[in-house]
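Single-letter residue listing:
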Amino acid sequence: MRNGRAFWLFVGPFAAGLLVFVYVPIGWSLLLSFFDARNTVTPSEFVGLRNYADMLTDAPFLRSLGTFSLFAVFIVPLTFVLALALALLVNQISFMKAFFRSVFFLPTACSYVVASLVWKLSIFNGVRFGLANTVLGWFGAEPVAWTVSTSPPWYWLVLVTLRLWLQLGFYLILFLAGLQRIPQHLYEAAWIDGASRGWQTLRYITLPQLRTTSVAVLLLLLIAAYQAFDEFYNVLGTDRGYPPFARPPLIYLYYTALGSGGQDFGHGSAGAVILTLLIAGVTLLQGRVITR
Amino acid sequence: MISRRRLLSLAGASALLAACGSNTGRGGSDQALKQWYHAYGEPGVQQAVERYAKSFTKTPVDVQWNPGDYDSKLATSLLSDGGPDVFESTPQISSVRAGQLVPLDDVFGDARGDFTESILATHTVDGKVYGVPQAVDMQMLFYRKSLFEKAGVQPPSTVDELIDASKRLTRDGVKGLFAGNDGGGGVLAGPALWSAGLDYVRDHQVGFDDPVAAQAIGKLRELYSSGSLLLGAVKDWAEPDAFTQGLVAMQWTGLWAVPAVQKALGDDFGVLPFPKLSADGRASVPVGAFGAMVNAKSKRIDEAKELVRFLWIERTDYQEDFNLSYGFHIPPRKSISEKASKLTTGAAADAVKFVRDNAKASNPPDWTSVMRTAFNDAVSRVVRDGASADTEVKAAAGKVRDELKRLYG
C-alpha cells in the first residue's frame, strides 16, 4: 500500500500531465483530421479521408516534405560525423577535458529563438556592418543579403551553421558517453595483436562498440530534422508570413491550422498525421537497415 | 477500491494541475467584462485604454494587454468559452461564417455616416458591420528630398519611374529603396496589383486573373534584380531605421513612422503613395484599421455592445486621444480627422489625402489565409527566384478561385 501511494505520488502528476497535454491532444487531432474543422475544434461535418486526399495533393505541402527529406539526407550525416569527430578529439585530450566538454555542450543550453536572432540580426544581417559582411569587406567583397538571397541560397548556410552550433554539443555528449563505456582492454588487446593506433582501432573497435549510441543518435537527428521549426521560423519568417522556400512541414501546417485569416484544423491535423507516419516510417526503415 | 489516502494524493495531483492551468494572467473578478488589446508599442496607450475602460460606469471592465502573437492567441481564444467579451481585430470571413462575431450595425446609430467609407468597408462582411474602427494605419513611400536633389531625380509617379529612381539613387554606399527584408514581395505585392487597376478579390471573383497582373508582379522582380534594394536590414520595413540612418534614399513604411523620421531628418523627407503602373492603374496606399468587436460566445453581449458604443461612438474625445496623443494614426471618423491640427501639415496631411483618394484595404475580410499563402508564395517565387510571372500568377489565381468557390458556391 505504501509503495502504491508513493508510486502514484511520483508518477501520478506526470502521467496525468502526459495524458491531458499530450495524449488527449494527439487523439483529438486525429479526430479533427476526419472533419471539416474550420474555426472550430468541435466540428460536426464528417468528411472521411478528404482532408488527407487534399494534403497529399497539396503542392506546397509535398514540396516542404521533399525539401526536408533532402535536408535530412544532408544534415543528419553532417551532424553525425562532426559530433563523432569532436567526441573522439575531446575524448583523446588529457588536459582540460571538462572544460572542452562544457564549452561544446554550452550552446545546447541556449534558446533557439535567441540564437536565431543573434544569427539573423548580428552575424548574418544583410547590411555592410553585419559581422559576416564585415569579414567579407576585408577581402573587398560586396555585402551579401544572407537570409534574402535565393540564388545562391545563402539562407541554408545561415540555417545549417545555426543548427550545427545548437545541436552538436548534445550529440557530442552522447558519443562521449558511448566512448567512455568501451572497455580499455579491447584496445590493449588490439595493440598487442599489432593493430595501429588510429584508423584500425577506430574501424574495428570504436565504431562497432558505438553501434547502439550511433543508432540512437541517428534516430534523434532524423526526427529533429523533420521537426525543424524554431530556427526556421525565427530566421526566415516575417510579419508577412513565411517564404515558400526552406519551409519546414511543421511551419506550413502551423500556418494552415493557425494562420490569421482562417483556422483550418482539419487539414492541419491531417498533415500532422501524414508527417508523423512519414517520420515513423523512415525511422523504422533506418533502424532496419542499420541493425541488420 | 481506492483508499481514501490514495484518493487524496490523486486529488492533490489534479489540484496541482489545475493550479498550473488557471494562471492565465486574466485576473480580476468574474463580474467584469473582459476586453483585449494587442500590445501597442507607443508608451502611454495601455494606461489610456485602461482609463477609458474605467470611466465606463455600467459594469467593471478588465483590460488585458497581449504582447506577442496577438492574432493567433485571439483566434484560439475565440474557439473556447474563455475568450474576451470585447476585443480589437479586423473581421475575417472565416470567423463570421463560424459565427464567432456579433454584427454591430445597431451600435453605430447616426454616427455611421461619419466613418470613412473605405475603412468601414474593411469591417463589413456580407453587408453587416462587425467592427467599430478605432484607428487607421496606412503604409506609404518615404523619400529623402536632399538625396533626390543631389541625384537630380524627380519623385516617381509611375512604377517605371520608381525603378529608375531606385537605380539612380543607389550610389556612395546608399541603396535606392528598402521595402522589407523579403525584397518587397511581401508589402508591395498588393500595391503592385492596385497599380495596374487590379485587386485581390473583386465581387467574389479573383481580382488578378489577368495578364497585366503578371506584368505588375514582374515589375517587382525588375526592382529586386536591379541591385538597388536594401536587403537584410537589422530592422524590417515597419521601422524607419534604415531610412533615418541614411542607408537608403527611399523606404516603404507607415504613417506611424512619421514622428521618428521627423525627429531624425527634420523636413528633409516627403511621402508618396505607391505609383501607378500605367494610365489604367492607380496610385495606392494600403490601409487597415483595428476595430472593436464583440465575441459571439460572450454571455453578456448586450453589455459588451454597450461598452463598444460608449468607447468608440459616444466618446469622440477618446478616439481623438487614442489616435493622436501617442502614436500617429488617422481617426476613422471624419469629424475628428478633419479638425485634428496634427494632421493638417507636412507628411501627415499628405497621408490623410492619400487615405481619402488612394486607400486600398491591406487585409480585406474575404482574403483568407489560404488565398494569402498561395498569392504570397507566387509573388515570392517570381521576385526572389525569377520564376515565370505568368505561370505563377495563374496558379495562384486557380487556388484563390477554388477557395472563393468554397466560400460563395
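Residues numbered from 1 in each chain as written. Chains lettered and ligands numbered in written order. Predicted model: local features only at pLDDT ≥ 70, side-chain atom pairs only at ≥ 80, totals over all residues. Heavy atoms only, no water.

**Q** A description of the UniProt feature "transmembrane region" (unreviewed entry) in chain A should follow, citing residues and the corresponding values.
**A** All names here are of chain A. Per the UniProt entry, the sites bearing "transmembrane region" (unreviewed entry) are residues 7-26, 68-91, 98-119, 154-177, 210-229 and 265-285 in this numbering. Here residues 154-177 runs as 96% helix and 0% strand, with 35 Å between its end C-alpha atoms. Across residues 265-285, helical content stands at 100% and strand content at 0%; the span's end C-alpha atoms are separated by 30 Å. (UniProt positions renumbered as here; feature names shortened; annotations may be inferred. Helix = DSSP H or I, 4+ residues; strand = E, 2+ residues; numbered from the N terminus.)

**Q** Explain the packing of helix 4 (residues 97-105) of chain A against helix 7 (residues 155-180) of chain A to me, using residue names and the numbers behind them.
**A** All names here are of chain A. Where helix 4 contacts helix 7, the axes come no closer than 8 Å and their chain directions differ by 145°. On the side of helix 4, the interface is formed by Lys 97, Arg 101, Phe 104 and Phe 105, while helix 7 contributes Gly 169, Phe 170, Leu 172, Ile 173, Leu 176 and Gln 180. Of the residues contributing to the contact of helix 4 with helix 7, the split by class is 6 nonpolar, 2 polar and 2 charged. (Axes fitted to C-alpha atoms, helices over the stretch in contact; angles between N-to-C directions. Contact = heavy atoms within 4.5 Å. Nonpolar A, V, L, I, M, F, W, Y, C, P; charged D, E, K, R; others polar.)

**Q** Describe the side chain of Thr 201 of chain A, listing the residues and the values that go with them.
**A** Residue and element names in this part refer to chain A. Position of Thr 201 relative to the elements: it lies in helix 9 (residues 199-209). Owing to a relative accessible area of 7%, Thr 201 belongs among the buried residues under this scheme. Of note is the side chain of Thr 201, whose polar atom sits 3.0 Å from the backbone oxygen of Gly 198. (Buried < 20%, exposed > 50% of the residue type's maximum accessible area, 1.4 Å probe, protein only. Polar contact = N/O pair within 3.5 Å; in protein donor to acceptor, adjacent residues only side chain to side chain.)

**Q** Can you tell me about the pattern of salt bridges, naming the residues and giving the values?
**A** Under the criterion given, the structure shown has 25 salt bridges over all chains. Put simply, Arg 163 of chain A and Glu 231 of chain A hold a salt bridge, and the shortest N to O gap is 2.7 Å. You can see Arg 163 of chain A sitting in helix 7 and its partner Glu 231 of chain A sitting in helix 11 (residues 230-236), a full 68 residues away along the chain. Note that Arg 381 of chain B is salt-bridged to Glu 392 of chain B, the shortest N-O span being 3.1 Å. Separated by 11 residues along the polypeptide, Arg 381 of chain B in helix 17 (residues 369-385) and Glu 392 of chain B in helix 18 (residues 389-408) bring together distant segments of the chain. The same class applies to Arg 381 of chain B as to Glu 392 of chain B, namely buried. A single salt-bridge network, built from bridges that share partners, covers Lys 58, Glu 306, Arg 309 and Glu 314 of chain B. (Salt bridge = Lys/Arg side-chain N within 4 Å of Asp/Glu carboxyl O.)

**Q** Could you give an account of the interface of chain A and chain B, naming the residues involved and the relevant values?
**A** Taken together, the contact pairs 44 residues of chain A with 45 residues of chain B. Interface of chain A and chain B: buried area, both sides summed, is about 3600 Å²; carbon and sulfur atoms make up 53% of it. Counting the contacts that link chain A with chain B gives 2 salt bridges. Notably, a salt bridge pairs Lys 399 of chain B with Asp 58 of chain A, separated by 2.9 Å at the nearest N-O pair. At the surface where chain A touches chain B, the tally comes to 9 residue pairs in polar contact (both at pLDDT 80 or more). Among the elements of the structure, helix 1 (2-32), helix 3 (59-92) and helix 12 (249-258) of chain A are those that each provide at least two residues to the side of chain A that touches chain B. The element that contributes the greatest number of residues to the side of chain A that touches chain B is helix 1 of chain A, accounting for 7 residues. A class-by-class count of the residues in the side of chain A that touches chain B yields 23 nonpolar, 13 polar and 8 charged. (Buried area = accessible area lost by both parts, 1.4 Å probe.)

**Q** Please set out the domain arrangement of chain B residue by residue, giving values where relevant.
**A** Residues and elements named next belong to chain B. Examined at the domain level, chain B breaks down into domain 1 (27-137 + 287-361) and domain 2 (139-286 + 365-408). The interface of domain 1 with domain 2 comprises 25 residues on the first partner and 23 residues on the second. Carbon and sulfur atoms make up 66% of the surface buried where domain 1 meets domain 2, a total of about 1900 Å² over both sides. Where domain 1 touches domain 2, the interface holds 1 salt bridge. Asp 199 is the salt-bridge partner of Lys 360, the closest N and O atoms lying 3.5 Å from each other. Scanning the region where domain 1 abuts domain 2 turns up 8 residue pairs in polar contact (both at pLDDT 80 or more). For the side of domain 1 that touches domain 2, the elements supplying multiple residues, two or more each, are helix 4 (93-97), strand 4 (124-125), strand 12 (285-294), helix 16 (346-358) and strand 13 (359-361). In the side of domain 1 that touches domain 2, the residues fall into 13 nonpolar, 6 polar and 6 charged. (Domains from an automatic or database assignment.)

**Q** Quick rundown of the layout of surface pockets? Include the residues and the values.
**A** All names here are of chain A. One number sums up the size of the second largest pocket: a volume of about 810 Å³. As for the second largest pocket, its lining consists of 22 residues, and the residues nearest its centre are Pro 25, Ile 26, Ser 29, Ser 269 and Ala 272. Sorting the residues of the lining of the second largest pocket by element identifies helix 1, helix 12 and helix 13 (265-291) as the ones contributing at least two each. Among the elements that line the lining of the second largest pocket, the one with the most residues is helix 13, at 8 residues. (1 Å grid on protein atoms, 1.4 Å probe; cavity = no way out; pocket = protein on both sides within 12 Å on 5 of 7 lines; lining within 4 Å. Points joined across faces, edges and corners; volume = space filled by probe spheres on them.)

**Q** Tell me about unusual backbone geometry, and please be specific about residues and values.
**A** All names here are of chain A. At the junction of Ser 151 and Pro 152, the peptide bond is cis and its omega measures out at 0° in the coordinates. Examined against the element boundaries, Pro 152 turns out to sit in the loop between helix 6 (131-138) and helix 7. Of note, Asn 39 is a non-glycine position whose phi angle comes to about 55°, a positive value. Turning to its location among the elements, Asn 39 is positioned in the loop between helix 1 and helix 2 (50-56). Positive phi outside glycine occurs at Ala 246, with the angle close to 45°. In this structure, Ala 246 sits in the loop between helix 11 and helix 12.

**Q** Outline helix 9 of chain A, supporting the account with residue identities and numerical values.
**A** All names here are of chain A. Every buried residue of helix 9 is listed here: Thr 201, Ile 205 and Thr 206. End-on view of helix 9: buried residues confined to an arc of 85°, all on one side of the axis. In this structure, helix 9 carries Trp 199 and Tyr 204 as exposed residues pointing more than 90 degrees from its buried face. In this structure, the buried side of helix 9 is in contact with helix 3, helix 7 and helix 8 (184-192). (Arc of directions from axis to C-beta.)

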